[in-house]
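Residue strings, one per chain:
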Amino acid sequence: MKQSDLFIRTKRNIILSTLSIVLICLITFILVTQYFYKSRLFEGVDQQLLTYKNMILNEEIIKKKGKSEEVIIPAPLTPDLISFVWRGSELVDKSPHTYFGEGNYPVFPKEYEGGLITLESKGYTYRAVSFEKEGLSIQLLFNVDPQILSVKQLERANGLSLMVLIGITMALASYLAALVLKPVKKAYNEQVYFVQDASHEMRTPLAVIKGQVELMTAHPQDRIEEHFEQFSQMIGEIRSLEKLNRDLLLLSKEDIEGKTVGEAIEVKNFIGEIREFYTELAELQNKHFIVKVPDSPVNVKWDLEKVKRCLIILLENAFKYTDEEDTILLGVTKVNKSIVVRIEDSGIGISKEDQKRLFDRFFRSSDVRARGIEGSGIGLSLLQSLAHTLGIKVQVQSTYGKGTVFTLEIPLKMN
Ligand SMILES: Nc1ncnc2c1ncn2[C@@H]1O[C@H](COP(=O)(O)OP(=O)(O)OP(=O)(O)O)[C@@H](O)[C@H]1O
Ligand SMILES: [Mg+2]
């Protein structure tokens, strides 16, 4: 899959998943709210209807006036309550209101068996109850259109909020997805450049080897000794390929695993092996190698292999970027809870500009490239990865043309 497609698809997936989660939560919230609101919508109205019904049931409503009878039902607590009193099909009493007129009285369904119901009449909606008392049929109604309107308004408001929130969620999810993907994209690109740079670095030695082999195969009758120079050049190139291969492997391993294994050792013993090798190298290269270690023993618990690799990376550079008669100093001191290792050389130095890119993978100053000094620019980035794993602080000071000092602050104990 192409890199751009991968990121577009991932971004779309993040947005869609965020949106789905937010939508599920919002819709659930809205449905639950509406359910509770609706289920309690007529509660107040029903309460008033039942209270009024009880008031009527508890009072005598047929009052005798001389020989005639009069039906007087108690006055409702609120003018919204509508009452009709029937004797058979004759309307004996009704409360004053604007909803029902002559020939347009409320009709209860045929199957009505008592209790509270919702009635529709002429586009209005009511809660209603009907009951019998003293041979009279009494109907009580309450207009609930305002309550129904409030439900509609609530639904409309919820719908609108849902749309606005979907818009906001999409914008936020898109912004956050871009934010989350930024470092991933960067790491991905770095990986791609890494592979490109690595293959680029391998191209030159491979081209040299190929050229030499082609040259030799053109003269199959020649004896091996006649091509001694070509062979030694090829071996040199193969060695640098091997080193590059090993460093790349270590670097990627360090990036993925980055584990430490602490082993106890005394610092002077640890330095001893390194000291021996580089003292011999200094003699061979006609350079001065000075080692300074603490007088009293200092015990440390280090990942010996990795710390050693760090020192070797720096010592290798110090020897590579110095000339004959130059001095390389390896100084070890104990400062508080750390061991400070100083690797100082009086070599070619590094310009201020190059110091900024020193730890970038495959970086080599144009100066060392021009001088034809071998290397692939992996050493210091490997040092940086190792230092990160081991908790080592790395510092560099350099003056172009005068020399360089690398300082490692190594904790006394590593787990
Ligand atoms: N002690 C030093 N003196 C001068 N320049 C240095 C020194 N150490 C590092 N550099 C500069 O930093 C660059 C990167 O160093 P690094 O060790 O990463 O790579 P390298 O030495 O070129 O190759 P290799 O991967 O084989 O170590 C070098 O190419 C060089 O330009
Ligand atoms: Mg190096």
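Residues numbered from 1 in each chain as written. Chains lettered and ligands numbered in written order. Predicted model: local features only at pLDDT ≥ 70, side-chain atom pairs only at ≥ 80, totals over all residues. Heavy atoms only, no water.

## Looking at the packing of helix α4 (residues 228–256) against helix α9 (residues 379–390)
- The geometry of α4 relative to α9 is characterised by a closest axis approach of 9 Å and an angle of 30° between their N-to-C directions. Viewed along their axes, α4 and α9 adopt a mutual orientation that is roughly parallel. Between α4 and α9 lies a crossing of left-handed hand. Facing Asp-247, Leu-250, Leu-251, Glu-254 and Asp-255 of α4, the residues of α9 in contact are Ser-381, Leu-382, Ser-385, Leu-386 and Thr-389. (Axes fitted to C-alpha atoms, helices over the stretch in contact; angles between N-to-C directions. Helix = DSSP H or I, 4+ residues; strand = E, 2+ residues; numbered from the N terminus. Parallel < 35°, antiparallel > 145°, perpendicular 65-115°, else oblique. Left-handed = near helix turned anticlockwise from the far one by under 90°. Contact = heavy atoms within 4.5 Å.)

## Examining the UniProt feature "transmembrane region" (unreviewed entry) in the chain
- Under the local residue numbering, the UniProt record ascribes the feature "transmembrane region" (unreviewed entry) to residues 12–37 and 160–181.
- Regarding residues 160–181, the helix share stands at 100% and the strand share at 0%, and the terminal C-alpha atoms are separated by 31 Å. (UniProt positions renumbered as here; feature names shortened; annotations may be inferred.)

## Quick notes on the environment of Leu-215
- You can see Leu-215 is positioned in helix α3 (residues 145–217).
- Spatially, the C-alpha atoms of Leu-215 and His-227 are 9.8 Å apart, while their sequence positions differ by 12 residues.

## Considerations on the UniProt feature "domain: Histidine kinase" (unreviewed entry) in the chain
- When the UniProt feature table is mapped onto this chain numbering, "domain: Histidine kinase" (unreviewed entry) sits at residues 197–414.
- The span residues 197–414 is 50% helix and 21% strand, and its two end C-alpha atoms sit 33 Å from each other.

## Observations concerning the site of ligand 1
- In the neighbourhood of ligand 1, 21 residues make up the surrounding shell, with Lys-243, Tyr-321, Arg-364, Ile-378 and Leu-380 lying closest.
- Taking Gly-379, its main chain carries an N or O atom lying 3.0 Å from an oxygen atom of ligand 1.
- Interatomic distance of 2.7 Å between a backbone N/O atom of Leu-380 and an oxygen atom of ligand 1.
- Protein coverage of the free-state accessible area of ligand 1, which is 590 Å², stands at 99%.
- Most atoms of ligand 1, that is more than half of them, are within 2 Å of grid points of the second largest pocket.
- Listing elements by their share of the shell around ligand 1, those giving two or more residues are α6 (304–320), α9 and β14 (403–411).
- The residue makeup of the shell around ligand 1, split by class, is nine nonpolar, eight polar and four charged. (Near = heavy atom within 4 Å. Polar contact = N/O pair within 3.5 Å; in protein donor to acceptor, adjacent residues only side chain to side chain. Areas by Shrake-Rupley, 256 points an atom, 1.4 Å probe, with all protein chains shown as cover. 1 Å grid on protein atoms, 1.4 Å probe; cavity = no way out; pocket = protein on both sides within 12 Å on 5 of 7 lines; lining within 4 Å. Sits in = over half its atoms within 2 Å of the grid points. Nonpolar A, V, L, I, M, F, W, Y, C, P; charged D, E, K, R; others polar.)

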